[in-house]
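Structural characterization, general
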Amino acid sequence: MTAVQALAPASPSMPLRDLLAGLGSPGEPFSAARRQTLAQLSRAILQDSLLRTDAASVALGYWLRRASIERLAAGFEERQRSAPDTVFVPNGRVFHVAPGNVDTVFVYSWALSYLCGNLDIVRVSTQQGEVLARLLELLATLMADDAELAAASRFVTYEHDQATSEALSAWATHRVLWGGDATVSLLRGLPLSPHASERTFGSKFSYCVIASRSYLAADDSVVAKLAADFFNDLFWFDQMACSSPHRVLWVGSDAERVPALQRFDAMLAAEIERRGHRSSSSNAVQRLNFVFDMACETPLAADLHQREFLAVQLLADRATITREICGAGLFMHQRAADLLEVAQLADQRDQTVTHFGFSAVELREYGRQAGARGVDRVVPIGQALAFDPVWDGYDLMADFLRRVTIRLP
């Protein structure tokens, strides 16, 4: 079994048994002390000179702010009121394996579990960028003055080692796996206690649907705001988050599609210039290689002069979705006759569909049909990456709590 390095609280590499020996006992769900800890973490993130320049970290800081945590606490209290014969207690001991492609996910996963009163061990990647490293430093600093936090949480890293992951899985009463399909499949094979539970979040594919007629009818201020929102959905995490869009499906006639997507690309290009966004040269090469390979088999059109992104027009008559991912700012335009056609393209690999220009009735019917095939979220453009306690269709707060049934005579 490999040694484990604790990153928060920070300490030298140590045997796993020593790491586990320092943990305390589960606490009270949504205690005032735990809510206060997350509010302090929010302030630390939003005041940090590095993290406040990172949009994803700023979003995390706002999600952790006191008002947001109080809304979660109100939701917990509503669960209690709606189930008078149930006592909610912590699940107990939670082992989180964080993804390597999204720096902030480990905090969301841990924070919900911590609020529910659990003990937590969070394994993060050995490849730590400056954002991840800084978040861990803030957590370690908070632990120095917060005895409950220090006794309840460990943020660790170790080289991929089956024996260590197996020991942590045996320790856990609940395991949360975030990552690609290969990582999830590998770790899912490690045994849990017969009494433990598990939630897995593997690879997913996401896209955008826009009503062509509504988009063409919108004034410039509306489409400029949409471009700013789509920019966030597209470029955060280099378009490699599961909820990042990789297609834009234009719902309407073919005559509406061309002017709509031309306007869309022009507004996105203007937003990129407004923000001064510049990606790496390797991203540009990646986009070009991907579209050249694709052009060998698929009828398409592309403007290779586009900067920082590449929007590919698919020219096939019938809409289909192939779920290969390039990232690096590449997405594909295609047409669909109506939302029913888009719903019929959905499958279990799909996660988030962002939208513009449809009525609530249309979206609910789309969600009913596409959700039955696999889609998890249908949210406005700009909210693709907004974290929610219900993720991939599962209630994480329910996962992190256990229900004790009380029946009176």
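These numbers come from a predicted model, not from an experiment.

Regarding the overall build of the protein chain
Counting its regular elements, the protein chain contains 16 helices and 17 strands. Against the compact-globule benchmark of 22 Å for 409 residues, the protein chain has a radius of gyration of 23 Å, which places it among compact chains. Taking the principal axes of the C-alpha coordinates as reference, the protein chain spans close to 65 × 55 × 40 Å. Across the 409 residues that make up the protein chain, the buried fraction comes to 52%. Taking the contacts inside the protein chain whose residues are at least 6 apart along the sequence as the reference set, 75% of them involve residues at least 24 apart.

Quick word on the packing of aromatic side chains
Under the counting rule described, the total for this entry stands at 21 aromatic pairs. Each ring, one from Trp178 and one from Phe387, has its centre 6.5 Å from the other, and the planes form 50 degrees; the classification is tilted. Pair noted here: Trp178 is in strand β6 (residues 174–178) and Phe387 is in the loop between β14 (377–380) and β15 (390–391), with a separation of 209 residues, a long-range link. Assessed through its relative accessible area of 7%, Trp178 is described here as buried. Overall, Phe387 belongs to the buried group, its relative accessible area being 9%.

A closer look at the sheet that holds strand β7 (residues 197–201)
Across the sheet, which stays open at both edges, the six strands sit in the order β1-β5-β4-β3-β6-β7 with mixed pairing between neighbours. Each having just a single partner strand, β1 (5–8) and β7 make up the two edges of the open sheet. Taken pair by pair, the neighbouring strands of this sheet meet at an average axis angle of 20 degrees, ignoring direction. Sheet strands touched by helix α5 (residues 105–115): β3 (93–97), β4 (119–123), β5 (153–157) and β6. Its angle to β4, the strand with the most contacts, is close to 170 degrees. Against the sheet, helix α6 (residues 130–145) engages β1 and β5, with an angle of about 80 degrees to β1.

Details of unusual backbone geometry
Note: most residues except glycine have negative phi, and most peptide bonds are trans. In this model, Ala8 is joined to Pro9 through a cis peptide bond whose omega is -5 degrees. Checked against the element boundaries, Pro9 lands in the loop between β1 and α1 (16–21). Look at Phe30: it is not a glycine, yet its phi comes out positive at around 55 degrees. Of note, Phe30 is situated in the loop between α1 and α2 (32–47).

Here we look at the pattern of salt bridges
Scanning the entire structure with this criterion turns up 24 salt bridges. Among the salt bridges present, the one from Arg407 reaches Asp85, with a minimum N-O distance of 3.6 Å. Residue Arg407 is located in the segment after β17 (401–405), and its partner Asp85 is located in the loop between α4 (66–82) and β2 (86–90); the two are separated by 322 residues in the primary sequence. With its nearest N and O atoms 3.9 Å apart, the salt bridge here joins Asp254 to Arg335. Of this pair, Asp254 sits in helix α12 (residues 254–275) while Arg335 sits in strand β12 (residues 330–336); the two residues are 81 residues apart in sequence, bridging distant segments of the chain. Residues joined by salt bridges that share partners form a network here, namely Arg323, Asp347, Arg349 and Asp350.

Details of the nonpolar core
Ranked by size, the top nonpolar core spans 76 residues in total, and within it Leu41, Leu64, Phe106, Trp110 and Phe155 carry the most contacts. The greatest single-element share of this core, amounting to nine residues, is contributed by α5. Sequence-distant contacts of Leu64, that is, excluding residues within four places in its chain, are made with Leu38, Ala39, Leu41, Ser42, Ile45, Ile69, Val107 and Ala111. The next biggest cluster of nonpolar side chains, apart from the first, holds 22 residues, and it includes Ile210, Phe230, Phe264 and Ile381.

Quick notes on a nonpolar patch on the surface
Residues Val87, Ile406 and Leu408 make up a contiguous nonpolar surface patch of about 280 Å² in total accessible area. Considering the arrangement of structural elements, one finds Ile406 in the segment after β17. With relative accessibility at 36%, the residue Ile406 sits in the partly exposed group.

Side note on the sheet that holds strand β8 (residues 205–211)
One open sheet holds the seven strands; their spatial order is β10-β11-β12-β9-β8-β13-β14, and the pairing between them is mixed. Looking along the sheet, the strands with just one partner apiece sit at the ends: β10 (300–302) and β14. The average angle at which neighbouring strand axes cross in this sheet is 25 degrees, direction not considered. In terms of strand pairing, β8 meets strand β9 (residues 245–251) through five bridges, oriented parallel. When the bridges of β9 are listed, Cys208 appears paired with Val248.

Considering the side chain of His355
Looking at the element boundaries, His355 is found in strand β13 (residues 350–356). With sequence-adjacent residues up to four places away left out, His355 is seen in contact with Val209, Leu363, Val378, Val379, Pro380 and Ile381.

Remarks on the side chain of Asp392
Within the secondary structure layout, Asp392 lies in the loop between β15 and β16 (394–395). Nearest to the buried, unbridged Asp392 among oppositely charged side chains is Lys204, at 4.7 Å. Among the polar contacts made by the side chain of Asp392, one reaches the side chain of Gln351 at a distance of 2.7 Å. Sequence-distant contacts of Asp392, defined by excluding residues within four places in its chain, comprise Phe201, Lys204, Gln351 and Asp376.

A word on the packing of helix α11 (residues 220–235) against α12
When two helices pack together, their arrangement is given by the angle between the helix axes and the distance between those axes. Remark: α11 packs on α12, axes separated minimally by 9 Å, with the N-to-C direction vectors making an angle of 70 degrees. With respect to each other, α11 and α12 are oriented roughly perpendicular. Classified by chirality, the crossing of α12 by α11 is right-handed. Across the interface between the two elements, Asp220, Val223, Ala224, Ala227, Ala228, Phe230, Phe231, Asn232, Leu234 and Phe235 of α11 pack against Arg263, Phe264, Met267, Leu268, Glu271, Ile272 and Arg275 of α12. Counted by class, the contact of α11 with α12 contains twelve nonpolar, one polar and four charged residues.

Calculation notes
Here the residue numbering is sequential within each chain, running from 1 through the sequence in written order. Per-residue local features of the predicted model are confined to residues with pLDDT of at least 70, and side-chain atom pairs are confined, for both listing and counting, to 80 or more; whole-chain, interface and lining totals are unaffected and use all residues. Water and hydrogen atoms were dropped before computing side-chain values, which therefore reflect all heavy atoms in the structure. Strands here mean DSSP runs of E at least two residues long; helices mean DSSP runs of H or I at least four residues long; both are numbered from the N terminus. The globule rule is 2.2 Å times the number of residues to the power 0.38, and the radius of gyration it is compared with is taken over C-alpha atoms. Burial here depends on accessible area, computed with a 1.4 Å probe over protein chains only, as a share of the maximum for the residue type. Under 20% is buried, over 50% is exposed, and the range in between is partly exposed. Contacts are assigned to residue pairs with any non-hydrogen atoms lying within 4.5 Å of each other. When the centres of two rings from Phe, Tyr and Trp lie within 6.5 Å, Trp using its six-membered ring, the rings pair. Their planes under 30 degrees apart give stacked, over 60 give edge-to-face, and anything left gives tilted. Any two strands with at least two DSSP-identified bridges between them are counted as paired. To get an axis, a line is fitted to the C-alpha atoms, and for a helix only the part in contact is used. The angle between two axes follows their N-to-C directions and goes from 0 to 180 degrees. By salt bridge we mean one thing: a side-chain nitrogen of Lys or Arg within 4 Å of a carboxyl oxygen of Asp or Glu. Residues belong to one nonpolar core when they are buried, are Ala, Val, Leu, Ile, Met, Phe, Trp, Tyr or Cys, and are joined through side-chain atoms within 4.5 Å. Patch membership needs two things, relative accessible area over 30% and no salt bridge, and members are linked within 9 Å if like-charged or within 5 Å if nonpolar (Val, Leu, Ile, Met, Phe, Trp, Tyr). The Shrake-Rupley method, run with a 1.4 Å probe sphere, supplies the accessible areas, and residue values consider only the shown protein chains as cover. We score Asp and Glu as negative and Lys and Arg as positive, and we do not count His or the chain ends. We call two N or O atoms a polar contact when they sit within 3.5 Å, provided that within protein one can donate a hydrogen and the other can accept it, with sequence-adjacent residues counted only if both atoms are side-chain atoms. Any angle from 65 to 115 degrees is called roughly perpendicular, while one under 35 is roughly parallel, one over 145 is roughly antiparallel, and all others are oblique. Crossings are sorted by hand: turned counterclockwise from the far helix by less than a right angle, the near helix makes the crossing left-handed, and turned clockwise it makes it right-handed. Residues are sorted three ways: Asp, Glu, Lys and Arg are charged, Ala, Val, Leu, Ile, Met, Phe, Trp, Tyr, Cys and Pro are nonpolar, and all the rest, Gly among them, are polar.

So yeah, pure geometry; function would need other evidence.
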